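Fold and contact review
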Amino acid sequence: LANAIVESGLNPKAGSSPEQAVGLFQLNRTGGLGTGQTVAELEDPAININIILSEAKKFADFGKADSLEDAVSIFVRKIERPANPADEVTRLLNIAQQLAQTV
């Protein structure tokens, strides 16, 4: 959820160039998790979320994470794979911790 908040502001119609990233998780159509999908498909929240969940299921350590910090770190480093993972982990962890406090 923290990643979708950062990437799209939870707007399923969000998009960015030049990566052609689309949807809640800004799935990249040019070499990323959105490859092979149409814009319309990636704008569908159910499809966008299912792509992310399918990718997350490939990493057993994500599902077995002992802490929120571990889960965010694994998500960033193995699923999102940004240019600067350390900064992204910090940013997403702050959001995830705020979300966890509201539950």
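Residues numbered from 1 in each chain as written. Predicted model: local features only at pLDDT ≥ 70, side-chain atom pairs only at ≥ 80, totals over all residues. Heavy atoms only, no water.

1. Observations concerning the environment of Phe 75
Our working rule: Counting from the N terminus, the helices are the DSSP runs of H or I reaching at least four residues and the strands are the DSSP runs of E reaching at least two. Per-residue accessibility, obtained with a 1.4 Å probe over protein chains only, is compared with the maximum for each type, and a residue is labelled buried under 20%, exposed over 50%, and partly exposed between these values. Any two residues whose heavy atoms approach within 4.5 Å are treated as being in contact.
Tracing the sequence through the fold places Phe 75 in helix α5 (residues 68-80). Among the residues examined, Phe 75 registers a relative accessible area of 11% and is labelled buried. The sequence separation of Phe 75 and Lys 58 amounts to 17 residues, and the corresponding C-alpha distance is 11 Å. The residues contacting Phe 75, other than those within four sequence positions of it, are Asn 3, Phe 25, Ile 52, Phe 62 and Glu 80.

2. Focus on the pattern of salt bridges
Selection rule: What makes a salt bridge here is a side-chain nitrogen of Lys or Arg within 4 Å of a carboxyl oxygen of Asp or Glu, nothing more.
A complete count under the given rule lists 5 salt bridges for this structure. Glu 55 is the partner of Lys 58 in a salt bridge, and the nearest nitrogen-oxygen pair spans 3.0 Å. Residue class for Glu 55 comes out buried when judged on its relative accessible area of 10%. Glu 55 is the salt-bridge partner of Arg 81, the closest N and O atoms lying 4.0 Å from each other. Linking Arg 81 in the loop between α5 and α6 (85-102) with Glu 55 in helix α3 (residues 45-56), this pair joins segments that are 26 residues apart in sequence. Residue class for Arg 81 comes out partly exposed when judged on its relative accessible area of 47%.

3. Some remarks on the environment of Arg 77
Relative to the helices and strands, Arg 77 resides in helix α5. Taking relative accessible area as the criterion, Arg 77 reaches 45% and is therefore assigned partly exposed. Setting aside anything within four residues of it in sequence, one finds Arg 77 in contact with Pro 85, Ala 86 and Val 89.

4. Focus on the side chain of Asn 48
Defined as follows: Any pair of N or O atoms that falls within 3.5 Å is considered a polar contact. Within protein, one atom must be able to donate a hydrogen and the other to accept it, and sequence-neighbouring residues count only if both atoms are side-chain atoms.
By secondary structure assignment, the location of Asn 48 is in helix α3. Overall, the relative accessible area of 0% leaves Asn 48 in the buried class. Here Phe 25 takes part through its backbone nitrogen, which lies 3.0 Å from a polar atom of the side chain of Asn 48.

5. Side note on unusual backbone geometry
Note the cis peptide between Ser 17 and Pro 18, where omega equals -5 degrees. Within the secondary structure, Pro 18 is located in the loop between β1 (15-16) and β2 (21-22). A positive phi is found at Gln 20, a non-glycine position, where the angle reads about 55 degrees. Here Gln 20 lies in the loop between β1 and β2. Looking at Gln 20, the relative accessible area reads 38%, which means it is partly exposed.

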